[in-house]
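Okay, here's what each chain looks like letter by letter:
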Amino acid sequence: MTGKLAGKVALISGGTSGIGEATCELFVEEGAQVVLTGRSEAKGNALADRLGSANALYVKCDVTSDEDIRNSVEAAVERFGRLDVLFNNAGGPTGGGVLDVAADQIDYGVRLLLTSVMLTTRYAVPHMQANGGGSIINNSSIAGLRYRQGNIVYSVLKAAVSHYTRLAGVELGPLGIRVNTISPGAIATPIFWGGSARANTLPNAENERKMAKLQRNLAKATPTPRSGLAHDIAEAALYLASDAGSYVNCHDLVVDGGRTSMFFEPP
Ligand code: NAD
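In this report, the structure presented in the accompanying data block is examined. Every chain's residues receive numbers from 1 upward, in the order its sequence appears when written. At least 70 in pLDDT is required for a residue's local features to be given in this predicted model, at least 80 for side-chain atom pairs to be given and counted, and no such filter applies to totals for whole chains, interfaces and linings, which use all residues. Hydrogen atoms and water are omitted, and side-chain values are computed over all heavy atoms in the structure.

Points about the layout of surface pockets
Consideration 1: Of the pockets and cavities examined, the largest pocket occupies roughly 1100 Å³.
Consideration 2: Space inside and on the surface of the protein is sampled on a 1 Å grid over the protein atoms alone, with a cavity defined as a set of points where a 1.4 Å probe fits but cannot get out and a pocket as an open set with protein on both sides within 12 Å along at least 5 of 7 lines; lining residues have an atom within 4 Å of a point. Considering the residues around the largest pocket, the lining is formed by 48 residues, among which Gly91, Gly92, Pro93, Tyr154 and Ile191 are closest to the centre.
Consideration 3: A run of H or I in DSSP becomes a helix once it reaches four residues, and a run of E becomes a strand once it reaches two; helices and strands are each numbered from the N terminus. Of all the elements in the fold, those that place two or more residues in the lining of the largest pocket are helix H1 (18–29), strand S2 (33–38), helix H4 (103–130), helix H5 (152–172) and helix H6 (196–199).
Consideration 4: Considering each element in turn, the lining of the largest pocket owes the most residues, three residues, to H1.
Consideration 5: Looking at the lining of the largest pocket residue by residue, the class counts come to 18 nonpolar, 25 polar and five charged.
Consideration 6: Its boundaries defined by the atoms lining it, the second largest pocket holds a volume of some 300 Å³.
Consideration 7: Every residue lining the second largest pocket is counted, 17 residues in all, and those nearest its centre are Ser17, Gly18, Glu21, Pro190 and Met211.
Consideration 8: Only H1 and helix H7 (204–218) provide two or more residues apiece to the lining of the second largest pocket. Grid points are joined across faces, edges and corners, and a volume is the space filled by probe spheres set on the points. Basically, the charged four are Asp, Glu, Lys and Arg, the nonpolar ten are Ala, Val, Leu, Ile, Met, Phe, Trp, Tyr, Cys and Pro, and anything else, Gly included, counts as polar.

A closer look at the site of the ligand
Consideration 1: For each residue, the test is whether any non-hydrogen atom lies within 4 Å of the molecule or strand; if one does, the residue is near. Close contacts around the ligand come from 29 residues, with Ser17, Asn89, Tyr154, Ile187 and Thr189 the closest.
Consideration 2: N or O atoms within 3.5 Å of each other form a polar contact, as long as, within protein, one can give a hydrogen and the other can take it, and as long as residues adjacent in sequence are counted only when both atoms are side-chain atoms. Separating a nitrogen atom of the ligand from a side-chain N or O atom of Asp62 is a distance of 2.9 Å.
Consideration 3: With residues, only the protein chains shown are counted as cover, and all accessible areas are computed by Shrake-Rupley using a 1.4 Å probe. Expressed as a share of its isolated accessible area of 820 Å², the protein-covered part of the ligand is 97%.
Consideration 4: Here the ligand occupies the largest pocket.
Consideration 5: Every element with two or more residues in the shell around the ligand is listed here: H1 and H5. If over half the atoms of a molecule are within 2 Å of the grid points of a cavity or pocket, the molecule is regarded as sitting in it.

Digging into the side chain of Asn88
Consideration 1: As for its placement among the helices and strands, Asn88 is situated in strand S4 (residues 85–88).
Consideration 2: Discounting residues that sit within four places of it in the chain, Asn88 has contacts with Ser13, Ser116, Val117, Thr120, Thr121, Ile136, Ile137, Asn138 and Asn139. Whether two residues are in contact is decided by their heavy atoms: any pair within 4.5 Å suffices.

Looking at the environment of Tyr123
Consideration 1: Looking at the secondary structure, you find Tyr123 in helix H4.
Consideration 2: The sequence separation of Tyr123 and Asn71 amounts to 52 residues, and the corresponding C-alpha distance is 9.4 Å.
Consideration 3: Polar side-chain contacts of Tyr123 include one of 2.6 Å to the side chain of Asp66.

Thoughts on empty space enclosed by the protein
Take a probe with the size of a water molecule and roll it over the atoms, and the empty space left behind shows itself.
Consideration 1: A complete count under the given rule lists one cavity of 30 Å³ or more for this structure.
Consideration 2: In this structure, the largest cavity occupies an estimated 70 Å³ of space.
Consideration 3: As for the largest cavity, its lining consists of 14 residues, of which Ser13, Val63, Asn88, Ser116 and Thr120 are closest to the centre.
Consideration 4: Take the lining of the largest cavity: its biggest share by element is three residues, from H4.

Description of the pairing of S4
Consideration 1: Relative accessibility thresholds used throughout: buried, under 20% of the residue-type maximum; exposed, over 50%; partly exposed, between the two (1.4 Å probe, protein chains only). A two-sided burial pattern is seen for S4, the buried positions comprising Val85 and Phe87 on one face and Leu86 and Asn88 on the other.
Consideration 2: Only strands joined by at least two bridges in the DSSP assignment are considered to pair. Here strand S1 (residues 9–12) pairs with S4 via three bridges, running parallel. Looking across to S4, one finds that Leu11 is bridged to Leu86.
Consideration 3: Relative to strand S5 (residues 134–139), S4 runs parallel, the two sharing four bridges. Bridging from a neighbouring strand, Leu86 pairs with Ile136 of S5.
Consideration 4: Remark: the S4/H4/S5 crossover connection has right-handed handedness. By convention a crossover is right-handed if, when the strands point away from the viewer, the path from the first strand over the helix to the second runs clockwise.

Brief notes about the pattern of salt bridges
Consideration 1: Counted as salt bridges are all cases of a side-chain nitrogen of Lys or Arg within 4 Å of a carboxyl oxygen of Asp or Glu. Counted by the stated rule, this structure contains six salt bridges.
Consideration 2: The partner of Arg209 in a salt bridge is Glu206, and the shortest N-O contact between them spans 3.2 Å. A residue pair is termed a helical-turn pair when its members lie 3 or 4 positions apart in one helix, as Arg209 and Glu206 do in helix H7 at three residues.
Consideration 3: Residue Arg209 is classed as partly exposed on the basis of its relative accessible area of 46%.
Consideration 4: Note on Glu206: relative accessible area 25%, which makes it partly exposed.

Brief notes about unusual backbone geometry
Consideration 1: Within the chain, Arg148 stands out as a residue other than glycine whose phi angle is a positive 60°.
Consideration 2: As for its position among the elements, Arg148 is in the loop between S5 and H5.

Side note on the state of the cysteines
Consideration 1: Note on terminology: pairs of cysteine sulfur atoms within 2.5 Å are recorded as disulfides. As enumerated under the stated definition, the model contains zero disulfides in all.
Consideration 2: Unpaired in terms of disulfides, Cys24 finds its nearest cysteine sulfur in Cys61, a separation of 13 Å.
Consideration 3: Of the residues examined, Cys24 reaches a relative accessible area of 0% and is grouped as buried.
Consideration 4: You can call Cys61 buried: its relative accessible area is 4%.

Structure representation (structure tokens):
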């Protein structure tokens, strides 16, 4: 086996679309065995087939369900015998602004974006400990760092994910487990038109048209004159997952083409 992740087993949530899908592809290319989770069985099984059954397994998991999360961790260890890398990637848009937020929007956002990260970590850690360590990567966002990069509920919860990551890294570091976030900037994925569940309902041609238009627009939104791509975040996850990142812990790796250094107009 060759590659930067040779011999490692990774669990990637929300692996059926966007950043998660690109990370599954790159991790397998780099020698990892990957368990990808998500809600769409059709997309998940198709991706696992494409990556090859020796390298990839799809497990159905809605990350708002405690039971699904626990099952996905157990399925990974059962299929590939160990767990080295966890990429808590699943997420999507939430509703709610400062003056019009509703309790159910907050509750749903917490379960989707924060509870999922904390519970998956809890279930994964004993398996990583059994191997002498591991790497946990949480997909946060520049919305947790700046105004108007997402709505209020989403932004506050991504900030919580980043802070949870720092605290968990302090606690788990002595066990050989590094915990880091990636904060992507504007990355061209279906999240911009309501998330992958909505993209699944649209014809391929419509998704391709939306993606091309999105990439043209995002190319104008950063100091780096091109759109952020899912592959850019997959490369950051590869660094944090691999031994190249073995001294990186409690860190927030911003991958945004310089967007957070730009001045944003007040409302
Ligand atoms: P995407 O919509 O292409 O992918 C999101 C994935 O999460 C999909 O597979 C989706 O099915 C899954 N998901 C959503 N809700 C789920 C649930 N309840 N249970 C299981 N899976 C669920 O979007 P993406 O841009 O690839 O998003 C991936 C992560 O990156 C998210 O956490 C998102 O908040 C974060 N992020 C994205 C950007 C961006 O600009 N695209 C920027 C910052 C952060």
